[in-house]
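# A structural walkthrough
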Amino acid sequence: MAAAKRTDGQRSLGRRMRGTAGLAALAGLAWVARDVPAALGGRLAGARAERAARSPQFRDGTFHNQADTRTMTAEPGRNLVRELIFGKQKRRPTAPVPLLRPSAPPAADSADELNIIWYGHASALIEIEGRRVLLDPVWSDRCSPSGLVGPRRLHEPPVRLDELPPLDAILISHDHYDHLDMPTVRALVAGQSAPFLVPLGVGAHLDHWGVPADRIIELDWSECHRVGGLEITATAAQHFSGRGLRRDGTLWSSWVVAGARRKVFYTGDSGYFPGYAAIGAEHGPFDVTLMQIGAYDRAWPTIHMFPEEAVDAHVDLRGGLFIPVHWATFNLALHDWSEPVNRLWAEAKARDVRLAVPRPGERVVVDEPPAVDGWWQSVA
C-alpha cells in the first residue's frame, strides 16, 4: 500500500513538473516573440489607403512593378534549403570586418560638399551641400521582427546612433527588415528631428511605431519633396515589399537627392530594368551612385541585381563614382561573402568605371575617392 501511494505521488509530481515545464516553455516563446507584433508594423487604412489606391503603381489591392516580375524562380533539380544548409559557399568573413570611425570632413565650400559614409549593408549618410541625409538606417543586431532570431550582423555598426550628426532627412527605400528597422526608427525619433521620406504606404509602419505625423512624408514614384536646399525624389525600382505574410501592400523606391550643384542616386533594392536609363535621362548625370550589389541569386534574378548588372545600371544612370552597398553586413544569399565586390571590381576595371569600396565607417570624399585596395580580401 505504501509503495502504491509513493508511485501515485511520483506520478502526480511528474505531471506537475511537466505542466510547469510546459508553462515555462510557453512563457519563453512569448518572451522571444514579444516584439514581433509591433515590428510587423501597420496596415493601409483610411486616407493613406485612399491615396495608395490612386497610384499608377497600385491595382487589385497591391503595388506592382512596371513589368511583370517573380520574386522566386524555380530551377529543376535545385534545392535551396539543402544548399543553404550543406552548400560549400564561404558565406561569412574569416576575420573581423575592419571598421573605421569617420574622419573629420575636409574643409570645403559647403556649396560643393559631397561625401558618403557607408555604415554597412544599405545604411549610409550623404553629406551634400551642408545637409545630411541618412539612407535605410538599420542599427539592430538582427534584420528580423525578433531580436533573438533571424540574420545577425557580421560586423558592429561603426558608430552609435547617438553619434550621428544632426540629420536633415531620413530616407527609407522599402519595408523589408534589412532596410526598415523598428528599434532604429524609434531611436531616431527620440534623438533626431528630421522627417522620414518613404514610399507610399510605408508611413503606416512609422505611424504604428509612434513617429509623429508631421515627420512622415510619403511619396509615389516621380514625386519630390524639398528639404532645405535639397530636392528629394522617389524614383522607380523593381522589387517587392512585405513584413509579414502579405506581400506588396506598400511601395518600394529608389531615391534621387539633388542639391543646387551636386546629385546622388541610391538604388534601394532592385533588379536591373529599363527604368534606370529613364531616371538617368530625367535626373542625371549623378556625381555618385550608391548601388545594391549583394544578396543576389539566379533564383530571384528580377528583384536583385548581379554586380555586373549594377554596373550596367550605373552607366544607364550616367553615374560618376560608383559606391557599392547592400553587402558585407548581413548574410542574405547563398554566394560567398566577398563574391559581390570581387565581381564588381573586375567589371568596373573592364568598363573603366570609377569605383570606391569603403570600409564601414569610412568617409568617401566623392571628388577625391580613395583608391580601391582590396581590403575585404584579407578577411574573406
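Provided above is the structure to which this section pertains.
Below, the structure is looked at part by part. None of these values were measured; they are calculated from a predicted model. (Residues numbered from 1 in each chain as written. Predicted model: local features only at pLDDT ≥ 70, side-chain atom pairs only at ≥ 80, totals over all residues. Heavy atoms only, no water.)

## Describing the packing of helix α8 (residues 307–316) against helix α9 (residues 339–350)
Between α8 and α9, the shortest axis-to-axis distance is 8 Å and the interhelical angle comes to 45°. By the criterion of interaxial angle, the relationship of α8 to α9 is oblique. The handedness of the crossing between α8 and α9 comes out as right-handed. Across the interface between the two elements, Pro307, Glu308 and Val311 from α8 touch Pro340, Arg343, Leu344 and Glu347 from α9. Classifying every residue of the contact of α8 with α9 by side-chain character gives 4 nonpolar, no polar and 3 charged. (Axes fitted to C-alpha atoms, helices over the stretch in contact; angles between N-to-C directions. Helix = DSSP H or I, 4+ residues; strand = E, 2+ residues; numbered from the N terminus. Parallel < 35°, antiparallel > 145°, perpendicular 65-115°, else oblique. Left-handed = near helix turned anticlockwise from the far one by under 90°. Contact = heavy atoms within 4.5 Å. Nonpolar A, V, L, I, M, F, W, Y, C, P; charged D, E, K, R; others polar.)

## Quick word on the side chain of His179
Checked against the element boundaries, His179 lands in the loop between β6 (169–171) and α5 (182–191). The buried category is assigned to His179, whose relative accessible area is 0%. A polar contact is formed between the side chain of His179 and the side chain of Asp136, at a distance of 2.6 Å. A polar contact of 3.3 Å, which involves the side chain of His179, links it to the side chain of His326. (Buried < 20%, exposed > 50% of the residue type's maximum accessible area, 1.4 Å probe, protein only. Polar contact = N/O pair within 3.5 Å; in protein donor to acceptor, adjacent residues only side chain to side chain.)

## Structural notes on the sheet that holds strand β10 (residues 230–235)
By way of backbone hydrogen bonds, the strands of a sheet pair with one another, either parallel or antiparallel. Here 6 strands make up an open sheet; going across it, the order is β9-β10-β11-β12-β13-β14 and the pairing mixed. This sheet does not close on itself; its edge strands, each paired only once, are β9 (224–227) and β14 (319–325). Taking the axes of each pair of neighbouring strands and ignoring which way they run, one obtains an average angle of 20° across the sheet. Bridging between strand β13 (residues 286–292) and β14 involves 6 bridges; their strand directions are parallel. Residue pairing across strands places Met291 opposite Pro324, the latter belonging to β14. Strand contacts of α8: β13 and β14, with the helix running at about 150° to β14, the strand carrying the most contacts. (Pairing = 2+ DSSP bridges.)

## Some details on the pairing of strand β12 (residues 263–266)
It is a general feature of regular strands that their side chains alternate between the two faces of the sheet. By the bridge criterion, 4 bridges tie strand β11 (residues 254–258) to β12 in an arrangement that is antiparallel. Its bridge partner being in β12, Val257 is matched across the sheet by Val264. Connecting β11 to the antiparallel partner β12 that follows it, the hairpin turn spans 4 residues. Direction of pairing for β12 relative to β13: parallel, over a ladder of 3 bridges. Looking across to β13, one finds that Phe265 is bridged to Thr289. You can see the chain leave β12, run along helix α7 (residues 275–283) and come back into β13, and the turn it takes is right-handed. (Right-handed = clockwise from strand over helix to strand, strands pointing away.)

## Section: the side chain of His283
On the secondary structure map, His283 appears in helix α7. Since its relative accessible area comes to 14%, His283 is described here as buried. Discounting residues that sit within four places of it in the chain, His283 has contacts with Thr233, Thr235, Val256 and Lys263.

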